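Here's the letter readout for the chains.
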Amino acid sequence: MSKRSGNALGLATPIRAWAQRSAFVFFFALAIVLLVLGRASTPAVERVRTAVNDAIAPVLELATSPVATVSDAIVSGRELMEVRATNEALRQENERLLQWRAAAQRLEDENRMLRELNELTIEPRTRYITARVIGDQGGAFVRSVLVSAGARDGVAKGQAALTGRGLAGRVAETGRRAARILLVTDMNSRVPVLVGNARDRAVLAGDNSPNPELLYFSPGVQIRVGDRVVTSGHGGAFPSGLPIGVVTDVRENDVRVEPYVDWSHLEFLRLVDYELPRILSSPEDGLVKGGGLPRQVTPSAAISGDAAASATGESSGAVIQADGAVSEQAQ
Amino acid sequence: MKFSLWQRLDAIARSMFPVTATLLLIMASMVPLRIPELAPIIPSLSLIAVYYWTIHRPDLMPIWAVFVIGVAQDLLSGSMLGVASIALLVVRHLVISQARFFTSASFVVIWSIFALVAFLAFFVMWILTSLLTATLVEHSSATFQYLMTLAVYPGFTWLFVHGQRLFLR
C-alpha cells in the first residue's frame, strides 16, 4: 500500500489534480445516467433491482432471526407480568368477537342470497401468500420494505400487501425469492379508495409522511374525521373493501388518513393474489401467477392480528381469518 | 523484496476492509430492528463510512468504490438509483479537495465538519428526490435522519479506528 501512495505523491500535482477531477466528473456523469435510467423505469434497471433483492434476501433472512428472537423474548417477558389482566381482557374480547363472527356469518349468508337474487357475478377467488418482512424502510426518501417471498411463491406485481389490521401497500418489484412492497405512505403510492358510509370515491396518495392524503374526491362530498377508508377495487389492482385507515384531519384541500397498520411492527405481510386481470401487471407476471399451488412461506397463525379489522374484510376467507386470530389471541 | 502468494492475498483482503465494512454496514442497517419509528430515520452509515475513510485512507476508498457503495445503498433501500451515489461522490470530492486540512484536525473539528458535509449530502439527496418526483418531499424525516447520522458518528468512528488498527495497522 505504501508503494502506491508513494507513487501518487510522486506525480506532479497538476496532473494528479486533473486525474482526480476527471474521475470525479466521470463517475458523477455515470450517476446522473443511472438517475435518468432509473427514473424512466428501464426494464434493465428493474432486472438489476430484483436480482439484488434476490441475492440479499437469504442474508437478510438470516440476520432477521436473531433480532426476532430478542424482540420476542422481551415481549414475552413483558407479557408474563400482565398475563392475568390480559387473559381477562382477551376472554371478554373473545366473547364479543364470537358475536361478531355470528353476525358476519349471518351477513355473509344473507349477502350470498341477495347476490343470487341479483345474479351478481361472484367475487373473484382470492388466495393469500404470507411473507416475512426481511428488509426495513431504508431511510428518509422511500417507504418500502423487502419480503421473503417472490415469484416462486406466487407473488406478482400489483398484489395487495396486508397486515391483520389493514392494507400496508402493494408489490412493486418481484424477484424469484424476494419482493419489494411499496407502502401506502410512499410518495409514489396511489390507491383508489372509498370513504365513509357514503362510499365516496377518492384516491389515497402517500407523501412519505405517516398520514397519506385523500385526493380527487368530488367537491360536494362531505368527509368527516373518523370516516373509514377502504380500497374501492377500481382499476382491478386490489380486491374491494380492504380496510386502510380512518380520516384524522380534514382541512381545506388537505384531508389526512391514519392507516390502521402499525408501521413499527411490520413482521409478516399477507399478499393477496386476486385473480382478476390486473392493470398494474405486465404480461409476463401473468405467466408466473398461473403456476403452482399456494405456498405458505411461514405459518399464517403467526400474523399479528387485529381480528376486529380482519372480520370486516369482504372476501369469504374473512371469517376463517377472524377465527385464526381469535385462537391466536386466546392462547 | 518478494512476497508469497498468501501474503499478497492477505494484503489485498486487508486493503478491501474499508469498502467491505461499508457494504456490510449498509446491509446491517436494512435489518428490521422493530424499534418504533426508527426505520425512516435510520442513520446513513454509508455517509459516515465514506467520510471517515476518505479522510484517513483515501487510497482504500477509491472513487469507483464510493460510486458502487452509493448504487448498493440505493438498490438495497429501494430509493431512486443514483441519488446516494451523487451525494457520496460530492462528500468524497469535498474531503479530498481539503485533504491537507484534515491531516492536522482534531476529532471534534472533523465531527463538526461532518455536520456540514452530511447536511450538504442530505440536502443534495432531498433536492434530487424532489426534482425527480416533481414534488416537495416531506423534509422532517430527512432532518431526523441527518441528526441521527450526526449522533452516531462518534460510535462508528470508534469502530472504524479499531478496525483500522486491527486490519490495516
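What you see is a predicted model, and the numbers here were worked out from it, not measured in a lab. (Residues numbered from 1 in each chain as written. Chains lettered and ligands numbered in written order. Predicted model: local features only at pLDDT ≥ 70, side-chain atom pairs only at ≥ 80, totals over all residues.)

Visitor: How do you make sense of the overall build of chain A when you look at a structure like this?
Guide: Within chain A, the regular secondary structure consists of seven helices and twelve strands. Within chain A, the proportion of its 331 residues that are buried is 35%. Within chain A, counting contacts between residues at least 6 apart in sequence, those at least 24 apart form 62% of the total. (Helix = DSSP H or I, 4+ residues; strand = E, 2+ residues; numbered from the N terminus. Buried ≥ 20, exposed ≤ 12 C-beta atoms within 10 Å, placed from the backbone. Contact = placed C-beta atoms within 7 Å.)

Visitor: Before we go on, may I ask you to explain the overall build of chain B in this structure?
Guide: In terms of regular secondary structure, chain B is built from eight helices and zero strands. The linear arrangement of helices and strands in chain B, starting from the amino end, is α-α-α-α-α-α-α-α. Scaling as 2.2 N^0.38, a compact globule of 169 residues should have a C-alpha radius of gyration of about 15 Å, and chain B matches this with 17 Å. Dimensions of chain B, computed from C-alpha atoms along their principal axes, come out at roughly 60 × 35 × 30 Å. Per-residue burial over chain B gives 44% buried out of 169 residues. The contacts of chain B with a sequence gap of at least 6 include a subset with a gap of at least 24, amounting to 71%. (Rg over C-alpha atoms; globule rule 2.2 N^0.38 Å.)

Visitor: Honestly, the interface of chain B and chain A in this entry has me stumped. Any pointers?
Guide: Taken together, the contacts link 44 residues of chain B with 42 residues of chain A. If you list the elements that add at least two residues to the side of chain B that touches chain A, you get α4 (63–77), α5 (83–97), α7 (107–133) and α8 (140–168) of chain B. Looking at the side of chain B that touches chain A, the element that brings in the most residues is α4(B), giving eight residues. In terms of residue class, the side of chain B that touches chain A is made up of 26 nonpolar, 14 polar and four charged. (Nonpolar A, V, L, I, M, F, W, Y, C, P; charged D, E, K, R; others polar.)

Visitor: Explain the packing of α5(B) against α7(B) here, please?
Guide: For any two helices packed against each other, one specifies the inter-axial angle together with the distance between the axes. Residue and element names in this part refer to chain B. The N-to-C vectors of α5 and α7 enclose an angle of 150 degrees; their axes lie 9 Å apart at closest approach. Regarding the angle of α5 to α7, the classification is roughly antiparallel. Of the two elements, α5 crosses α7, and the hand of that crossing is right-handed. Only Val117, Leu120, Ala121, Val124, Met125, Leu128 and Thr129 of α7 make contact with α5, whose side of the interface consists of Val83, Ala84, Ile86, Ala87, Val90, Val91 and Leu94. (Axes fitted to C-alpha atoms, helices over the stretch in contact; angles between N-to-C directions. Parallel < 35°, antiparallel > 145°, perpendicular 65-115°, else oblique. Left-handed = near helix turned anticlockwise from the far one by under 90°.)

Visitor: Explain the pairing of strand β6 (residues 190–195) of chain A here, please?
Guide: The side chains of a regular strand alternate between both faces of the sheet. All names here are of chain A. Inspection of the sheet shows β6 paired to strand β7 (residues 200–205) by six bridges, in the antiparallel sense. Each residue of the ladder has a partner; that of Val191, found in β7, is Leu204. In this structure, the hairpin formed by β6 and β7 is closed by a connection of four residues, where Gly196 is found at a positive phi of approximately 70 degrees. Alignment of β6 against strand β9 (residues 228–231), held across three bridges, turns out to be antiparallel. By the bridge assignment, Val193 is partnered in β9 with Thr231. (Pairing = 2+ DSSP bridges.)

Visitor: Got a minute to help me understand the nonpolar core in this structure?
Guide: Within soluble globular proteins, side chains that are nonpolar tend to cluster in buried spots. Judged by nonpolar contacts, the single largest core of 110 residues is most densely connected at A:Val147, A:Ile181 and A:Leu269. In this structure A:Ile181 touches A:Ser144, A:Val145, A:Val147, A:Ala161, A:Ala168, A:Gly169, A:Arg170, A:Val171, A:Ala172 and A:Leu269, once residues within four positions along its chain are discounted. (Core = buried A, V, L, I, M, F, W, Y, C linked by C-beta atoms within 7 Å.)

Visitor: Honestly, α7(B) in this entry has me stumped. Any pointers?
Guide: Given 3.6 residues per helical turn, the α-helix brings residues three or four places apart onto the same face. End to end, α7(B) covers 38 Å across 27 residues, agreeing with the expected 39 Å (1.5 Å per residue, within 8%). Among the residues of α7(B), B:Phe114, B:Val117, B:Ala118, B:Ala121, B:Phe122, B:Met125, B:Trp126, B:Leu128 and B:Thr129 are the ones counted as buried. (Expected span 1.5 Å × (residues − 1).)

Visitor: Quick question: what am I supposed to make of the pairing of strand β10 (residues 243–251) of chain A here?
Guide: Residue and element names in this part refer to chain A. Pairing between β9 and β10: three bridges, direction antiparallel. Within the sheet, the bridge partner assigned to Val229 lies in β10 and is Gly245. Here β10 hands over to strand β11 (residues 254–259) after two residues, with Asn253 in that stretch at a positive phi of 60 degrees.

Visitor: Help me understand the confidence of the model for chain B in this model?
Guide: Where the model shows low pLDDT, its predicted coordinates should not be examined in detail. Here chain B averages 88 in pLDDT, and 97% of its residues register 70 or above. Among the scores for the predicted complex, ipTM is 0.84 and pTM is 0.71. (pLDDT = per-residue confidence, 0-100.)

Visitor: Explain unusual backbone geometry here, please?
Guide: Outside of glycine, negative phi angles account for most residues, and trans bonds account for most peptide bonds. Of note, the phi angle at A:Arg199 is positive, near 50 degrees, even though the residue is not glycine. Relative to the helices and strands, A:Arg199 resides in the loop between β6 and β7. Under the C-beta neighbour-count criterion, A:Arg199 is labelled partly exposed, with 13 such atoms within 10 Å. Its identity is not glycine, yet B:Ala134 carries a phi of approximately 55 degrees, on the positive side.

Visitor: What am I meant to see in the sheet that holds strand β8 (residues 213–215) of chain A here?
Guide: Strand pairs in the sheet, formed through backbone hydrogen bonds, run parallel or antiparallel to each other. Here six strands make up a closed barrel; going around it, the order is β6-β7-β8-β11-β10-β9 (chain A) and the pairing antiparallel. Adjacent strand axes in the sheet meet at a mean angle of 45 degrees when their direction is disregarded.

Visitor: Sorry if this is basic, but what is going on with helix α3 (residues 45–56) of chain B here?
Guide: Residue and element names in this part refer to chain B. The terminal C-alpha atoms of α3, which comprises twelve residues, lie 16 Å apart, in line with the 16 Å expected from a rise of 1.5 Å per residue. Across the twelve residues of α3, eleven count as buried, placing the element largely inside the fold. Within α3, burial applies to Leu45, Ser46, Leu47, Ile48, Ala49, Val50, Tyr51, Tyr52, Trp53, Thr54 and Ile55. Taken together, the buried residues of α3 touch α2 (17–28), α4, α5, α6 (99–103), α7 and α8.

Visitor: Before we go on, may I ask you to explain the packing of helix α2 (residues 13–39) of chain A against α4(B) in this structure?
Guide: For the pair α2(A) and α4(B), the least separation of the axes is 10 Å and the interaxial angle reads 15 degrees. With respect to each other, α2(A) and α4(B) are oriented roughly parallel. Remark: the crossing between α2(A) and α4(B) carries right-handed chirality. Along the contact surface, α2(A) presents A:Ala23, A:Phe24, A:Phe27, A:Leu30, A:Ala31 and A:Leu34, while α4(B) presents B:Ile63, B:Trp64, B:Phe67, B:Gly70 and B:Val71.

Visitor: Quick question: what am I supposed to make of the environment of A:Ala102 here?
Guide: Residue and element names in this part refer to chain A. Mapped onto the elements of the fold, Ala102 is located in helix α4 (residues 83–118). On the basis of neighbour counts, which here come to 11 C-beta atoms within 10 Å, the residue Ala102 falls in the exposed class. The sequence separation of Ala102 and Tyr260 amounts to 158 residues, and the corresponding C-alpha distance is 24 Å.

Visitor: Help me understand the environment of A:Arg176 in this model?
Guide: Residues and elements named next belong to chain A. Here Arg176 shows up in the loop between β4 (167–174) and β5 (179–183). Judged by the 16 C-beta atoms lying within 10 Å of it, Arg176 falls in the partly exposed class. Considering only alpha carbons, one finds Arg176 and Asp200, 24 residues apart in sequence, at a separation of 38 Å. Ignoring anything within four residues of it in the chain, the contact list for Arg176 reads Asp54, Gly150, Ala151 and Arg152.

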